[in-house]
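Observations on the three-dimensional arrangement
If you want the building blocks of each chain, they are given just below.
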Amino acid sequence: MQISKSLRKVILWELGIPVALLIIGIYHGLMQTIFRAGVLHESAFAKLDYYQGLTLHGVINALVLTTFFAVAFGHATMAFFLKREPSKKMAWTSFTLMVTGTLLAAWAMLTGKASVLYTFYPPLKAHPFFYLGAALLIVGSWIPLFDWARLYTAWKKENPETKTPLAVLGTLVNFIIWFVCTLAVAYEVLVLLLPWSLGWKATVNVSLSRTLFWFFGHALVYFWLLPAYIMFYVMLPKLAGGKLYSDLAGRIALFLFLLFSVPVGVHHQFSEPNITGGVKFFQTLLTFGVSIPSFITAFTLAASLEYAGRQRGSKGLFGWIGKLPYLDPDNFLFAYFIAGLILFIFGGLTGIVNASYSLNSVVHNTAWLPGHFHMTVAGPVFLAIIGMSIYLYARLSGKKIFMPRIVTIVPYLWMIGVLIFSTGLMWGGLIGEPRRTNLGMTYLNPKSTLFHPEWVPTTTLALLGGIIMFIAGMLFIIAFFGTVLGKKTQTGQLELPESESYLEERRIPVFDSFRPWLVAMAVIILIAYIPAIANVLKYAGPKAPPYTIDNPTPVQTSVRK
Amino acid sequence: MPILASSEKKILVVTASLIALFVFSILYAKDKYKSDVPACLPFDKSYQTPRINKLDDKTYQVFAVAQMWNFQPAEIYIPVGSEVDFFLTSKDVVHGFDISEKNVNMMAIYGGITKSTVKFDKPGVYNITCHEYCGSGHQNMQAQVIVNYPPIK
């Protein structure tokens, strides 16, 4: 379909900016594996400090890329499936806020004034622009939700008996989760951290700010994941040459995410004080609850792919696996989706380990954790994002994909890289290798008294995987900008693949209405988080003054405690 | 037509059984092996003083304090077979406290006290590694539990 020039422009910019920033993000990913493997024994390389690079890596890859993409993809799904365009004014306001926020935070990080990692745990203090930038990025990404809600309501009025398109349902669910969870981090940033960072407030409640962060922090991973899920349900079966096994399963999965995405954040805090075992165990159960929609998805997608394989003439029980279009450059999105899903099998299973209450003590904050989440966020999420980015860019701008064969191979190369990388990290984690640590200076430095030879094979494996990931990432970036700089060969169109449903399913009102699910969502969040916040307020001791990263003495502020 | 296909019903039963098995395993381990998350204690200033208390020959209390960029006490000597309660807090930023080969894994947080209990059955040196980023000296932050090592004869 044709869309307005303004909407096309906003989507293209929102796809292009984060891919450009990925050059910095991915470079620092590679550098970490080099530092960690003990190839470098320095605190910095090319004047960029390890922890500064780690901050850039996390913020760019996990916050900027994902948020920009979710907004761009949201505009595309809304416009395509509802045949209605988002408001020009609101789309550009949102874009401007997100870009301004990104620039402010980028300045703070690149000048080394905010090497506090993407979780920005106080009482480590960053430059105020870092917090302000993060807040602007988030607030900018809220705006489209209200605009899309308006489009959806108008559509619903005209089509009261038609099922809401699954992609529209998914986008709305995703941004509702995002809005609810970011309220907590917005409060943390604007009320607790920003005034404290500016020196207007002397101290901060560390436990409270961590609890608010994780109210946001785990729902955040579903905000990353749901655009990929929308693609898997709505597009993958069609690309595979089949049908979506059950459209209703997709709706149920999405609404379950609405219920369980937020009230599980305490599972990141199993190892910390000021929250009792009871609250932690309750959120363990809720976390298992949030695995249900992923189990449903695994089954539905496998059934859809099996159907596609059989349509393509496969025989036997597993013959369909060999019949899928893995290496078709005209259908390269399939490669991005399937490679991501293969990684997600391992990413999901290791996630259940982390969520399992006391079992978390075996792996908490060890290298196991980045091993796990690189098979989720750097697996299905990242591959779906970059695959869809280049696909949408080419279609919308009317340009040809640059190096289509390479583009088709990139996801498999990336997948192999991640599998090796994550194996190294998880193995290291199980023998105590810490995450978020410049190992090269001490633990992987034979000249240091802290040398740990047992972490040599694990970090070397991660380095090998990291190099493969870096090559795949750079090939993608070359292909993306090759496409961007290419000549226009046809009129730009907004086109998205759309699967039919295999099972004939009638419209069930409860799975086509937000209201009951929103009420249930609110109730579960209150049940899960009132005790958690009450715990923190009851048990937490004195509040902390700000610290810079290089000084054990707190920053002096003129304000009295 | 029913809402769910029969294969979907089966897969939901499988999922529910699997989750029930996981929950059962957690509760079983909690009961049988006393495996639990670190305990949460009300804050008290006395925890900010690093020290080792010997309760009896086989029972110790370690009051560990994490700070930029070391742990106090830095060397903890105990005999083989001791059961140790580790109480942990931070004097400044957030730190981690992970004892190698043991499932003691805690966060040290300003204004918070956490506790984990563990038994050291084998002699050896157990490293305590800070696994939470705590500033530019983070990679130097390690302490040791020395369990009758080198062995005294």
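Residues numbered from 1 in each chain as written. Chains lettered and ligands numbered in written order. Predicted model: local features only at pLDDT ≥ 70, side-chain atom pairs only at ≥ 80, totals over all residues.

Helix and strand content of chain B: one helix and 11 strands. Against the compact-globule benchmark of 15 Å for 153 residues, chain B has a radius of gyration of 21 Å, which places it well outside the compact range. For chain B, the spread of C-alpha atoms along the three principal axes comes to 75 × 40 × 30 Å. Here chain B holds 153 residues, and 40% of them are scored as buried. A separation of at least 24 residues holds for 62% of the contacts in chain B among residues at least 6 apart in sequence. (Helix = DSSP H or I, 4+ residues; strand = E, 2+ residues; numbered from the N terminus. Rg over C-alpha atoms; globule rule 2.2 N^0.38 Å. Buried ≥ 20, exposed ≤ 12 C-beta atoms within 10 Å, placed from the backbone. Contact = placed C-beta atoms within 7 Å.)

Ranked by size, the top nonpolar core spans 229 residues in total, and within it Ile177, Met231 and Phe337 of chain A carry the most contacts. Those residues in contact with Phe337 of chain A, other than ones at most four positions away along the chain, are Met231, Phe232, Leu236 and Ala384 of chain A. Among the nonpolar cores identified, the runner-up in size contains five residues, and Tyr357 and Leu359 of chain A together with Ile26 and Val37 of chain B belong to it. (Core = buried A, V, L, I, M, F, W, Y, C linked by C-beta atoms within 7 Å.)

Residues and elements named next belong to chain A. One way to put it is that helix H5 (residues 166-197) packs onto helix H8 (residues 247-260) with a least axis distance of 9 Å and a crossing angle of 5 degrees. One finds that H5 runs roughly parallel with respect to H8. Note on element contacts: H8 touches H5 through Asp247, Gly250, Arg251, Leu254, Phe257 and Leu258, opposite Leu166, Leu169, Gly170, Val173, Ile176 and Ile177. The class makeup of the residues in the contact of H5 with H8 is eight nonpolar, two polar and two charged. (Axes fitted to C-alpha atoms, helices over the stretch in contact; angles between N-to-C directions. Parallel < 35°, antiparallel > 145°, perpendicular 65-115°, else oblique. Nonpolar A, V, L, I, M, F, W, Y, C, P; charged D, E, K, R; others polar.)

Before going further, it helps to examine the interface of chain B and chain A. Between chain B and chain A, the contact holds 47 residues from the first and 58 residues from the second. Looking at the side of chain B that touches chain A, the elements that each hand over two or more residues are helix H1 (6-32), strand E7 (95-99), strand E8 (105-108) and strand E9 (113-120) of chain B. With nine residues, the top contributor of residues to the side of chain B that touches chain A is H1 of chain B. Split into classes, the residues belonging to the side of chain B that touches chain A amount to 23 nonpolar, 18 polar and six charged.

All names here are of chain A. When the terminal C-alpha atoms of helix H3 (residues 88-110) are compared, their 32 Å separation across 23 residues agrees well with the 33 Å that a helix rising 1.5 Å per residue should span. Taken together, the buried positions of H3 are occupied by Ala91, Ser94, Phe95, Met98, Gly101, Thr102, Leu104, Ala105, Ala106, Ala108 and Met109. Where H3 ends, the next residue or the one after it, Gly112, has phi of about 75 degrees, a positive value. (Expected span 1.5 Å × (residues − 1).)

Turning next to the packing of helix H1 (residues 5-36) of chain A against helix H16 (residues 456-484) of chain A. Residue and element names in this part refer to chain A. Contact geometry for H1 and H16: axes closest at 9 Å, N-to-C directions at 160 degrees. Of the possible angle classes, the one that applies to H1 and H16 is roughly antiparallel. Between H1 and H16 lies a crossing whose hand is left-handed. Between H1, through Gly16, Val19, Leu22, Ile23, Ile26, Gly29, Leu30, Thr33, Ile34 and Arg36, and H16, the contact on the second element is made entirely by Thr459, Ala462, Leu463, Gly466, Ile467, Met469, Phe470, Gly473, Ile477, Phe480 and Val484. Looking at side-chain class alone, the contact of H1 with H16 contains 14 nonpolar, six polar and one charged residues. (Left-handed = near helix turned anticlockwise from the far one by under 90°.)

Attention now goes to the environment of Ser82 of chain B. Residue and element names in this part refer to chain B. When you line up the elements, Ser82 lands in strand E6 (residues 82-90). The spacing of Ser82 and Tyr60 is 22 residues in sequence and 7.0 Å in space, taken between C-alpha atoms. Apart from the residues lying within four places of it in its own chain, the contact partners of Ser82 are Lys58, Thr59, Tyr60 and Phe120.

What follows covers the environment of Phe232 of chain A. All names here are of chain A. Note that Phe232 resides in helix H6 (residues 206-234). The exposure class assigned to Phe232 is buried, which follows from the 25 C-beta atoms found within 10 Å. In this structure the C-alpha to C-alpha distance between Phe232 and Phe334, which are 102 residues apart in sequence, comes to 9.5 Å. Sequence-distant contacts of Phe232, that is, excluding residues within four places in its chain, are made with Thr297, Leu301 and Phe337.

This paragraph deals with unusual backbone geometry. The omega torsion across Pro122 of chain A and Pro123 of chain A is 10 degrees, close enough to zero to call that bond cis. Look at the link from Gln72 of chain B to Pro73 of chain B: it is a cis peptide, with omega at -10 degrees. Position of Pro73 of chain B relative to the elements: it lies in the loop between strand E4 (70-72) and strand E5 (75-78). In this structure, Ala46 of chain A takes a positive phi of about 50 degrees despite not being glycine. Along the chain, Ala46 of chain A turns up in the loop between strand E1 (44-45) and strand E2 (48-49). Of note, Arg436 of chain A is a non-glycine position whose phi angle comes to about 50 degrees, a positive value. Considering the arrangement of structural elements, one finds Arg436 of chain A in the loop between helix H15 (404-430) and H16. For Arg436 of chain A, a count of 22 C-beta atoms within 10 Å translates into the label buried.

On to the sheet that holds E5 of chain B, then. Residues and elements named next belong to chain B. The five strands are arranged E5-E11-E10-E7-E8 in an open sheet whose pairing can be described as mixed. Each having just a single partner strand, E5 and E8 make up the two edges of the open sheet. Within the sheet, the average angular offset between the axes of one strand and its neighbour, ignoring direction, is 20 degrees. The sheet contact formed by E7 and E8 spans four bridges and is antiparallel. By the bridge assignment, Asp98 is partnered in E8 with Asn105. (Pairing = 2+ DSSP bridges.)

The subject of this paragraph is the environment of Ala544 of chain A. Following the sequence through the fold, Ala544 of chain A ends up in the segment after helix H17 (515-539). Judged by C-beta crowding, with 27 C-beta atoms within 10 Å, Ala544 of chain A ranks as buried. Between the C-alpha atoms of Ala544 of chain A and Leu124 of chain A, which are 420 residues apart in sequence, the distance is 9.7 Å. If we ignore the near neighbours within four places in the chain, the residues touching Ala544 of chain A are Pro122, Pro123, Thr203, Val204 and Val206 of chain A together with Tyr110 and Gly111 of chain B.

Here chain B averages 92 in pLDDT, and 96% of its residues register 70 or above. Among the prediction metrics, the complex's ipTM stands at 0.94, with pTM recorded as 0.96. (pLDDT = per-residue confidence, 0-100.)

Turning our attention to the pairing of strand E2 (residues 51-56) of chain B. All names here are of chain B. Counting buried positions over the six residues of E2 gives zero, only a small fraction of the element. Here E2 pairs with strand E3 (residues 59-67) via five bridges, running antiparallel. Following the sheet pairing, Arg51 is matched in E3 by Phe63.

Before going further, it helps to spend a moment on the pairing of E9 of chain B. All names here are of chain B. Sheet topology places strand E1 (residues 39-41) next to E9; three bridges connect them, and they run antiparallel. Note that in E9 the partner of Cys40 across the bridge is Thr114. Taken together, the seven bridges between E6 and E9 define a ladder with antiparallel strand orientation. Following the sheet pairing, Val84 is matched in E9 by Val118.

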